[in-house]
Amino acid sequence: MREDDIIICRCEDVTLGTIRELIRQGYTTLEEIKRIARCGMGPCQGKTCTPLIAREIAAITGKGIHEIMKQNHRPPFGGVTFEEIVSGRDEE
Amino acid sequence: MRIREHPILEFERGKKIQFTFNGNKIEAYEGETIAAALHAAGIWHYNESDVLKRPRGLFCAIGHCSSCLMTVDGVPNTRICVTDAVEGMVVKSENRGDIK
Amino acid sequence: MIHEYDTAIVGGGPAGICAALAAGKNGLKTLLIEERTFLGGQLIKQTHRFFGSEEEHAGTRGIHIANDLKSELEGMSNIDVMTSTTALGYYEDGILTALHDEKMIKIKPKSLVLATGAFERFLPFENNDLPGIFGAGAVQTLMNIYGIKPADKVLMVGSGNIGLIVSYQLIQAGVQVIGVVEAASKIGGYLVHASKLRRLGVPIMTRHTIKKAIGTDKVEGALLCELDKNWQEIEGTQKQMSCDAICLAVGLTPLADILSQMGCETTFIGELGGIVPKRTADLETTKAGVFVAGDLAGIEEASAAMLEGELAGLNAVKFVTGDERVTERIHHLKEELHGLRAGPVGEKIRYGLAQLFEDSVITSKKIESHEHDITRLAHTGIPSQENIDEKLPDEKRMIKPYAVIECFQEIPCNPCVISCPFGAIYIPKEDINQSPIVDFDKCTGCTSCISGCPGLAIFVEQRNPEQRKGTVSIPFELLNRPQKGDVVELLARDGQPIGTGVVKRILYGQKQDKTAVITVETDIDLVNKVRNIQLQRTGKKEVM
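Quick summary incoming for the structure in this document. (Residues numbered from 1 in each chain as written. Chains lettered and ligands numbered in written order. Predicted model: local features only at pLDDT ≥ 70, side-chain atom pairs only at ≥ 80, totals over all residues. Heavy atoms only, no water.)

### Some remarks on the pairing of strand 3 (residues 79–82) of chain C
Line of reasoning, step 1. Pairing of strand 2 (residues 30–33) of chain C with strand 3 of chain C involves four bridges; the strand directions are parallel. Its bridge partner lying in strand 3 of chain C, T30 of chain C is registered against I79 of chain C. (Pairing = 2+ DSSP bridges. Helix = DSSP H or I, 4+ residues; strand = E, 2+ residues; numbered from the N terminus.)

### Considering the packing of aromatic side chains
Line of reasoning, step 1. As enumerated under the stated definition, the model contains five aromatic pairs over all chains in all.
Line of reasoning, step 2. Taken together, a centroid distance of 5.3 Å and an interplanar angle of 80° make the contact between F59 of chain B and F122 of chain C edge-to-face. Here F122 of chain C lies in the loop between strand 7 (118–120) and strand 8 (133–135) and F59 of chain B lies in the loop between strand 4 (55–56) and strand 5 (69–72), a pairing that spans two chains.
Line of reasoning, step 3. With relative accessibility at 4%, the residue F122 of chain C sits in the buried group. (Phe/Tyr/Trp six-rings, centres within 6.5 Å; stacked < 30°, edge-to-face > 60°. Buried < 20%, exposed > 50% of the residue type's maximum accessible area, 1.4 Å probe, protein only.)

### So, the interface of chain B and chain C
Line of reasoning, step 1. On the chain C side, the residues contacting the 35 residues of chain B number 45 residues.
Line of reasoning, step 2. For the pairing of chain B and chain C, the buried interface totals around 3300 Å² over both sides, and the portion due to carbon and sulfur atoms is 61%.
Line of reasoning, step 3. Sorting the residues of chain B by area buried against chain C places I8, W44 and F59 of chain B first, and these three jointly supply 24% of that buried surface.
Line of reasoning, step 4. At the junction of chain B and chain C, the tally comes to three salt bridges.
Line of reasoning, step 5. One salt bridge connects D129 of chain C with R54 of chain B, and the closest N-O pair in it is separated by 2.7 Å. (Contact = heavy atoms within 4.5 Å. Buried area = accessible area lost by both parts, 1.4 Å probe. Salt bridge = Lys/Arg side-chain N within 4 Å of Asp/Glu carboxyl O.)

### Comments concerning unusual backbone geometry
All names here are of chain C.
Line of reasoning, step 1. Non-glycine residue R207 carries a positive phi angle of around 55°.
Line of reasoning, step 2. In this structure, R207 sits in the loop between strand 11 (204–206) and strand 12 (208–214).
Line of reasoning, step 3. One non-glycine residue, N480, adopts positive backbone phi at about 60°.

### Some details on the pattern of salt bridges
All names here are of chain C.
Line of reasoning, step 1. Within the structure shown, the criterion is met by 38 salt bridges over all chains.
Line of reasoning, step 2. Among the salt bridges present, the one from R61 reaches E477, with a minimum N-O distance of 2.9 Å. Taken together, the residues span a long stretch of sequence, with R61 in the loop between strand 2 and helix 2 (62–74) and E477 in the loop between strand 24 (469–476) and strand 25 (487–491) at a distance of 416 residues.
Line of reasoning, step 3. On the basis of relative accessibility, which here comes to 5%, the residue E477 falls in the buried class.
Line of reasoning, step 4. One salt-bridge network, in which partners are shared between bridges, spans E406, E461, R463, R493 and R531.

### What to know about the nonpolar core
Line of reasoning, step 1. Counting residues in each nonpolar core, the largest one holds 79 residues, and the members touching the most others are F19, I34, L38, L58 and I80 of chain B together with L170 of chain C.
Line of reasoning, step 2. If one sorts the elements of this core by residue count, helix 1 (residues 34–40) of chain B sits on top with six residues.
Line of reasoning, step 3. Excluding residues that lie within four positions of it along the chain, L170 of chain C makes contacts with V139, M143, P150, V154, M156, V175 and V177 of chain C.
Line of reasoning, step 4. Counting residues in hydrophobic clusters, the runner-up holds 69 residues, among them I57 of chain A, F59 of chain B together with I105 and F268 of chain C. (Core = buried A, V, L, I, M, F, W, Y, C linked by side-chain atoms within 4.5 Å.)

Spelled out as structure tokens, the structure:
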């Protein structure tokens, strides 16, 4: 196994090599990498991979970590079934 | 393996129960999570990752990392590390939405 | 139906529980919600005694603190607790939605305290996703909550407090810890924790990192290598060790996702663990009436979490009722927090907080690192002989028993002072970080301090020059406790066997709270060297 094969995003099986390649291609923000490679869209919502990806972006681009670590989070935080959202129960 | 003797803690285990994992009977105690019971039974390799088919198992045990998602009683994407084992539960490590 | 409350607390760990209690005791109709089926968060996994001062339950085991706090909650009729309840989001109309037993519920609190805690970091190395690689918290959960042996042989990565404490707890659970790997040149956590591991024979490999996990579908070993000053691998230093589990204790990050959803401003501060809420010294975020506490506000220790929880809860009271009576206690809590953070080990927190408060009210009291050089201790977990000699009385005094407090690092902790029935241990009240000093005129060698010390760093010696013999009393919290009369193997500070001795006395009662105090008799030359014992394989009994 080579360094490039190291798993960075467990949910979507994205490797260090893929991340580095994307950054070199010019995708130097977390939001862009999320949209292309799906890192941050999986069940853990980026908890595991985000700090590691940010570190790579910083290392390759020289950007400061503060600039990189800006994210948007949207609810819900946790799994809710569709049924629960749309079921339209009578409320007391 | 369950700890029987500990220098500080005393483990009060609940009632013995049984559930199935991929068709195999697994013993557990009431109050244990599915992941805890599987770990005690020596089952550490849960399944393979979606894309690269890499072997995966428990990692954070607190519901934040998505390594332990399984289909429990027909419901996929159940985090077994925060789900208590219940008598008769049917746990399958295959976790795809197209499971009938 | 919308559930209305004066305050809702999200997260039932130490910070959340303390916030709920503060709010409830001051008359607020309080709701505490917790994702898991049980309260206590990380606190219920902590079998060790806590540091800090009496106010932070110092000297008490984490599990007991958790039980005490939970009992207090149960006694409060104006606090509702909902477990198995996950906060889903907080909206402009002041509604907090939550999932309770799969059903979505709506809550309308006048104020909010977020205490959602943190989660473990991941580390990039080859095969880092193999089964058998666990976060340190996972291992703690398995063994301390469910009583399940996590593995047979563990390699611990990370020498911060979590890595050191969990390694010790693994040994208590009957697991072998083959080593602790630390990339930096110095040990990250409290050095008393490191010393405990060293005398149990666990190597602490500073300037090392893990390169690869070995195994096809489960961990079978690890490949380590040494690092140079620039954190680069040194050629030719790769070393393979066999193990069936690798535990990652490489840091925590606050669980801050709900904050950005709510519109609370956040910022990235590495020293505090990552993305943290912007907040005032009163723990109020940029959204009025929304407070934060515990690891969410910045990664720290459980003692700080409990203080912050109470601080946030009281500020919620002030926000809802305008009651000024809580102001004095609020001020006191801020002082306690400041005291905890004032010493050398609080430097990272102080630096992190200074970035948070542009006009820094956190003035860091620069404590002169004490005159004694603890370099060797910081790199290896073993003090130098100079460090040790400084803690000993005159030779003439050694004929009667005396306490040797091998606590050299300035950490915020003083249960030893309280544990001594004769007032023989001294730490100045103004500075809880200073190393304790023993007044050998008052010390009787009663060993009360041995079981009181959270770092298990106190020993009682006695020397008999005429007979060339002596005794040493040590704390013992492991399986396979010897019995009186057993001949045991004596181990030095580095875990190496250096001789044998006879167990003369064992104290193990309610006062010792599971820390046995074992007194062994041996040659006078070994008395200051022996810091651990183990049963000999043959378990010979002394012939009376």
